[in-house]
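What the coordinates show
Listed below, chain by chain, are the residues.
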Amino acid sequence: MERITVIGLGYIGLPTAAFLAKAGYSVEGVDVNRGIVESIRENRVEVEEPGLSEMVRDAILEGRFSAAELPSKSDVFIIAVPTPFDTFHRVDPSYIFDAVDALTEVLEEGNLVVLESTSPPGLTDQIEQRIRERRPILFEGGTPPLFAHCPERVLPGNILFEMENNPRIVGGTSEQAALQAAEVYAKFCQAPIRTTDAKTAEAVKLSENAFRDVNIAFANELSLICDSIGVDVWELISLANLHPRVSILRPSSGVGGHCIAVDPWFLYSAAPEEARLISTARLVNDSKPNKVASKIDQLAEAGAAVGMLGITFKPDVDDIRESPALEVISGLAEQRPDITIRVFDPALKSLPEQLDRYDNVVWVDSPHEILSLSDVVGVLVLHSKFLSLRSMISSFQGQVVDAVGLLS
Ligand code: SAJ
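These numbers were taken from a predicted model, which means no experiment stands behind them. Position numbers for residues start from 1 in each chain and track the written sequence from start to end. Where local features are concerned, this predicted model is filtered to residues with pLDDT of at least 70; where side-chain atom pairs are given and counted, the filter is 80 or more; whole-chain, interface and lining totals use all residues. Excluding hydrogens and water, the side-chain values take into account all heavy atoms of the structure.

**Side note on the overall build of the protein**
Broken down by element type, the protein carries 15 helices and 13 strands. Each radius of gyration reported is based on C-alpha atoms, and the globular scaling rule is 2.2 Å times the count of residues to the power 0.38. Here the C-alpha radius of gyration of the protein, 23 Å, is about what a compact globule of 408 residues would show, namely 22 Å. For the protein, the spread of C-alpha atoms along the principal axes amounts to about 75 × 50 × 40 Å. Scored against the burial criterion, the 408 residues of the protein give a buried share of 52%. Contacts are assigned to residue pairs that have any heavy atoms within 4.5 Å of one another. Here the analysis covers contacts within the protein between residues at least 6 apart in sequence; of these, 71% occur between residues at least 24 apart. Note on areas: Shrake-Rupley with a 1.4 Å probe; residue coverage comes only from the protein chains shown. Carbon and sulfur atoms provide 51% of the accessible area of the protein, an area that totals close to 18,700 Å². Helix and strand definitions follow DSSP, with helices as H or I runs of at least four residues and strands as E runs of at least two, each counted in order from the N terminus. The cut-offs for exposure are 20% and 50% of the maximum accessible area for each residue type, with area from a 1.4 Å probe on protein chains only; residues under the lower value are buried, those over the upper are exposed, and the others partly exposed.

Quick look at the structure:
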């Protein structure tokens, strides 16, 4: 049985490891976070994703998945660690390089190294170069290690389905690398797998997320234009979308999460002079939470009770990373110490610490409390559990700021 090591056991690494184990590989998951390693050893999964716990548990019980803090010898190494960016929107590849340095110690001739983490164009080539400098001997025989980029494309909340059913792009620093990596992914991915060079694969992934960001920015910009000219943006979009070649996305509280709000900057930093539309879209989307907060601010009289529906970065997930709703609430809490802000989110059990520190922000256990105790209500996330509140909100006596179109 071939051995695969997956470095980084988060939203992507963990399901990837589970799929590979299910496909018959002997998989070792590696994470620098001891808590994560221990949780796997105790058969626990801390990533909230439908079906994932069961799949990981099966892999562990069948003896095909184990966890460690450092990589051991293997045939294939897959890197799935986060790639953050700094305040100047420059990519910080330090987690990737830490993972690379850890595997360099145990790498052998003929091994395959696959980068799944979203990365700036050229990083997979840099990884090869870095290892070549540290272990030149591995490249002197007839079977040097191979390097490829296979960007993840799955949507949080639907990861298991999409990991198996979304087409994959595999880019190698050589053709052989791309083909070998494609062979590994074909063991569990049912959709077409297309091969290319590593830099193209990196740029493809970034372009996908930048495409979505630009399109959401268009919808968000329309919502601002509509507010200023007194037109209902939701009606406008539904009418415009009747055109066979128009498909406008949904305005919102802003764009959050760890992908779409981040990745376009990687394309931007690769060619800042050229990436004008992409950087403007980022700024439009980043400005949206503040616009929503201002709208609520204007409606809330001194000492008002404000209710907020939704905290997470998008509907029906429990993830609050880069959440625009969180930004709306914290921004308003800071600007308006005189108002009380009651908050409810069906995907969470209590206030996250980012909101808990405000004396004027209070968690409530049901959306009905929000509606019965507030003068102004903000709908910040379109959770499907909120759909049943439509008629109650429509007959609500106070003011409503519906940033996500629940009522439309
Ligand atoms: N959003 C809107 N309006 C819309 C659609 C989304 O405001 O019409 C907002 C959401 O509320 C959220 C943000 O955009 O705050 C991003 O949500 P999303 O569902 O569009 O995407 P993510 O970030 O969950 O996942 C994206 C996906 N990329 C694309 O669809 C091109 C996913 O396939 C990628 O794998 C993932 O990024 C990633 O990890 O890169």
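From this point, the narrative continues.
**Concerning the packing of helix α1 (residues 13-22) against helix α3 (residues 52-61)**
The N-to-C vectors of α1 and α3 enclose an angle of 45°; their axes lie 9 Å apart at closest approach. When the axes of α1 and α3 are compared, the pair comes out oblique. Handedness of the α1/α3 crossing: left-handed. Contacts between α1 and α3 involve L14, P15, A18, F19, A21 and K22 from the former and L52, M55, V56 and A59 from the latter. Residues are grouped as follows: Ala, Val, Leu, Ile, Met, Phe, Trp, Tyr, Cys and Pro are nonpolar; Asp, Glu, Lys and Arg are charged; every other residue, Gly included, is polar. Residues belonging to the contact of α1 with α3 are distributed by class as follows: 9 nonpolar, no polar and 1 charged. Angular values range over 0 to 180 degrees, each being the angle between N-to-C directions of two axes fitted as lines to C-alpha atoms, with helices fitted over their stretch in contact. Small angles under 35 degrees read as roughly parallel and large ones over 145 as roughly antiparallel, with 65 to 115 read as roughly perpendicular and the rest as oblique. If you view the pair so one helix is near and one far, a crossing is left-handed when the near helix is turned anticlockwise from the far one by less than a right angle, and right-handed when it is turned clockwise.

**Describing the side chain of N209**
Along the chain, N209 falls in helix α8 (residues 198-229). In contact with N209, other than residues within four places in its own chain, are C259, I260, D263 and P264.

**Describing the sheet that holds strand β13 (residues 399-402)**
Here 5 strands make up an open sheet; going across it, the order is β11-β10-β9-β12-β13 and the pairing parallel. Strand pairing shows two members of the sheet lacking a second neighbour, β11 (361-363) and β13, which therefore form its edges. Strand-to-strand twist in this sheet, taken as the mean axis angle between neighbours without regard to direction, amounts to 20°. Note: strand β10 (residues 340-344) against β11, 3 bridges, orientation parallel. Across the sheet, R342 pairs through a bridge with V362, a residue of β11. The sheet contacts of helix α11 (residues 276-299) involve β9 (305-309), β12 (376-379) and β13, and relative to β13 the element is tilted by about 175°. The pairing criterion for strands is at least two bridges between them, as found by DSSP.

**Observations regarding the environment of S252**
Locating S252 in the fold gives a position in the loop between α9 (233-240) and α10 (263-270). Given the relative accessible area of 13%, S252 is considered buried. What S252 contacts, discounting residues up to four positions off in sequence, is I216, N220, K288, V292, A403 and V404.

**What about the packing of aromatic side chains?**
We describe a pair of aromatic rings using the distance from one ring centre to the other and the angle between the two ring planes. Ring pairs are drawn from Phe, Tyr and Trp, using the six-membered ring of Trp, whenever the two centres fall within 6.5 Å, and their geometry is named by plane angle: stacked under 30 degrees, edge-to-face over 60, tilted for the rest. On inspection of all chains with the given rule, the structure shows 6 aromatic pairs. Centre to centre, the rings of F139 and F147 are 6.3 Å apart; their planes meet at 5°, and the pair counts as stacked. F139 sits in the buried class, given a relative accessible area of 13%. Taken together through their ring pairs, the aromatic side chains of F19, Y185 and F188 make up a single cluster. Note that R130 overlies the ring of F97, its terminal NZ or CZ placed 4.2 Å from the centroid. Only lysine NZ and arginine CZ atoms are considered, and such an atom sits over a ring when it is within 6 Å of the ring centre and within 35 degrees of the ring normal.

**Observations regarding the sheet that holds strand β5 (residues 112-115)**
Ordered in space as β3-β2-β1-β4-β5-β6-β7-β8, the 8 strands form an open sheet in which the pairing is mixed. In this open sheet, the two strands that pair with only one neighbour each are β3 (65-68) and β8 (193-197). Each strand of the sheet is rotated relative to its neighbour by a mean of 25°, with strand direction disregarded. Taken strand by strand, helix α7 (residues 175-185) contacts β1 (3-7), β4 (76-79), β5, β6 (146-149), β7 (168-172) and β8, and its axis lies near 150° from that of β7.

**Describing the site of the ligand**
Neighbouring the ligand are 21 residues; E152, K205, R212, S252 and F313 lie closest to it. Here a polar contact is recorded for every N or O atom pair within 3.5 Å, except that within protein the pair must consist of a potential hydrogen donor and a potential acceptor, and residues adjacent in sequence are included only if both atoms are side-chain atoms. Within the backbone of R250, a nitrogen or oxygen atom sits 2.8 Å from a nitrogen atom of the ligand. A distance of 2.9 Å is found between an oxygen atom of the ligand and a side-chain nitrogen or oxygen belonging to K314. Broken down by element, the shell around the ligand gets its largest block of residues, 5 residues, from α8. Tallied by class, the residues present in the shell around the ligand amount to 9 nonpolar, 4 polar and 8 charged. For this purpose, a residue is taken to be near a molecule or strand whenever a single non-hydrogen atom of the residue falls within 4 Å of it.

**Some details on the nonpolar core**
Among the buried residues, those of types Ala, Val, Leu, Ile, Met, Phe, Trp, Tyr and Cys that are joined through side-chain atoms within 4.5 Å form a nonpolar core. Formed by 44 residues in total, the largest nonpolar core has its most connected members in L14, L20, V56 and F65. Per-element tally for this core: the top contributor is α1, with 6 residues. Judged by nonpolar contacts, the second largest core, of 42 residues, contains A325, L348, L380 and F386.

**Points about the packing of α10 against α11**
The contact between α10 and α11 brings their axes to 9 Å, and the two run at 145°. In terms of crossing hand, the pair formed by α10 and α11 is left-handed. Counted together, P264, W265, L267 and Y268 of α10 and I278, S279, R282 and L283 of α11 form the full contact between these two elements. A class-by-class count of the residues in the contact of α10 with α11 yields 6 nonpolar, 1 polar and 1 charged.

**Quick word on the pairing of β9**
Summarising burial for β9: 5 of the 5 residues are buried, a large majority. Both faces of β9 are covered, namely the face carrying A305, G307 and L309 and the face carrying V306 and M308. One ladder, built from 5 bridges, connects β9 with β10; its direction is parallel. Within β10, the position partnered with G307 by the bridge is R342. A crossover counts as right-handed when, viewed with the strands pointing away from the observer, the path leading from the first strand over the helix to the second turns clockwise. With helix α12 (residues 324-335) bridging β9 and the parallel β10, this β-α-β connection has right-handed handedness. Sheet analysis places β9 next to β12, joined by 4 bridges and oriented parallel. Note on β12: the bridge partner recorded for V306 is V376.

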